[in-house]
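# Commentary on secondary and tertiary structure
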Amino acid sequence: MFPELNNLLNTTPDRAEQGKLTLLCDAKTDGSFLVHHFLSFYLKANCKVCFVALIQSFSHYNIVGQKLGVSLTAARERGQLVFLEGLKSSVDFFFRAQEEPHPLQFLRKASTEDLQPLYEFVQEALKPVDSGHAVWRCPVLLVDDLSVLLSLGVGPVAVLDFVQYCRATVCWQLKGNIVALVHDSGDAEDEENDILLNGLSHQSHLILRAEGLATGFCRDVHGQLTILWRRPAQSTAQRERCLTYQYKIQDKSVSFFARGMSPAVL
């Protein structure tokens, strides 16, 4: 995890909030550093994590995790991490019998609107263990990224329904958290992506939006991060607070600073 980002969010693994939906969004840049931050953050917070990884392989996340001080291999072996490797699972799925259940079963169906097997996978992965005492602090669902489901032919309403079912189980019933990445294509004609992004934005308690610089590539400033805290249950005047920073990604950390206050500029 990145300590500077924790400071901006005013949180630490010891006092992580529960029952929250966090939306990660990237536009004209790669926002995967946010995914790596929250993955390592919740593993260090001793949470049970179900990671639906639709973009990269397990080894990729594990290598980055080791740089951030966590071992995904060790977490998976001790039962703290349940990892669905979408790239590998989608290939294996087509070589198994059709009657065998699979989280990505919608890939074989003529209608791709049914994400119930994926929800049932999450539900099974995060269900409480009846051991007499709490082994893990709280359950966390992490998805990287939901936009891939749209690319596979799943409609935005079906994806929103999937998130709503997961919220009911993870956030409300189990008092856990959900973190999901959605890519903002910036294409005005991409109505499905807009529906998904807007729908999730209204449900989220925290939104982190990473954007590329309007001026183009810069060696010392890699992008801009907007942090929006939302309180859906409160009045409009009280429910939102927004801060914007620029950032530079380094090998094992990310530096944040106010716009125009990069050390290279000063």
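Residues numbered from 1 in each chain as written. Predicted model: local features only at pLDDT ≥ 70, side-chain atom pairs only at ≥ 80, totals over all residues. Heavy atoms only, no water.

## Things to note about the packing of aromatic side chains
Geometrically, a pair of aromatic rings is defined through the distance of the ring centres and the angle of the planes. Under the defined criterion, the tally for this structure stands at 9 aromatic pairs. Relative to Tyr247, the ring of Phe33 lies with its centre 4.9 Å away and its plane at 45°, an arrangement referred to as tilted. Here Tyr247 lies in strand S8 (residues 240-249) and Phe33 lies in helix H2 (residues 32-44), a separation of 214 residues in the sequence. Between the aromatic rings of Phe41 and Tyr42, the centroid separation amounts to 5.1 Å while the plane-to-plane angle is 90°, which identifies the pairing as edge-to-face. Each member of the pair, Phe41 as well as Tyr42, carries the same accessibility label: buried. (Phe/Tyr/Trp six-rings, centres within 6.5 Å; stacked < 30°, edge-to-face > 60°. Helix = DSSP H or I, 4+ residues; strand = E, 2+ residues; numbered from the N terminus. Buried < 20%, exposed > 50% of the residue type's maximum accessible area, 1.4 Å probe, protein only.)

## Comments concerning helix H6 (residues 116-126)
Residues of H6 that are buried include every one of Pro117, Leu118, Tyr119, Val122, Ala125 and Leu126, and no others. Looking at the buried positions of H6, the neighbouring elements they touch are strand S2 (48-53), strand S3 (81-85), strand S4 (139-144) and helix H8 (156-173). (Contact = heavy atoms within 4.5 Å.)

## Some details on the pairing of S4
Most of S4 sits out of view: 6 of its 6 residues are buried. Across the two faces of S4 the burial is the same, with Pro139, Leu141 and Val143 and Val140, Leu142 and Asp144 all buried. Inspection of the sheet shows S2 paired to S4 by 6 bridges, in the parallel sense. Its bridge partner being in S4, Ala53 is matched across the sheet by Asp144. Pairing between S4 and strand S5 (residues 177-183): 4 bridges, direction parallel. Looking at S5, one finds that Val140 is bridged to Asn177. (Pairing = 2+ DSSP bridges.)

## Remarks on the confidence of the model for the protein chain
Per-residue confidence for the protein chain averages 87 on the pLDDT scale, and 86% of its residues sit at or above 70. Predicted confidence in the protein chain is weakest over helix H5 (residues 86-93), with a mean pLDDT of 68, and strongest over H2, with 97. (pLDDT = per-residue confidence, 0-100.)

## Quick word on the pattern of salt bridges
Within the structure shown, the criterion is met by 5 salt bridges. Among the ionic pairs, Lys67 bridges to Asp251, the shortest N-O distance being 3.1 Å. One end of the pair, Lys67, is in helix H3 (residues 58-67); the other, Asp251, is in the loop between S8 and strand S9 (254-257), and 184 residues separate them in sequence. Taking the relative accessible area as the measure of exposure, Lys67 reaches 40% and is therefore partly exposed. One salt bridge in this structure joins Lys127 and Glu124, with 3.0 Å as the shortest N-O distance. For Glu124, a relative accessible area of 49% gives the class partly exposed. By sharing partners, the salt bridges in this structure join Asp184, Arg209 and Glu211 into a single network. (Salt bridge = Lys/Arg side-chain N within 4 Å of Asp/Glu carboxyl O.)

## Focus on the layout of surface pockets
Space inside the largest pocket adds up to approximately 380 Å³. Along the walls of the largest pocket sit 18 residues, with Leu9, Thr11, Glu17, Leu206 and Trp229 positioned nearest its centre. Mapped onto the lining of the largest pocket, the elements with two or more residues apiece are H2 and strand S7 (223-230). (1 Å grid on protein atoms, 1.4 Å probe; cavity = no way out; pocket = protein on both sides within 12 Å on 5 of 7 lines; lining within 4 Å. Points joined across faces, edges and corners; volume = space filled by probe spheres on them.)

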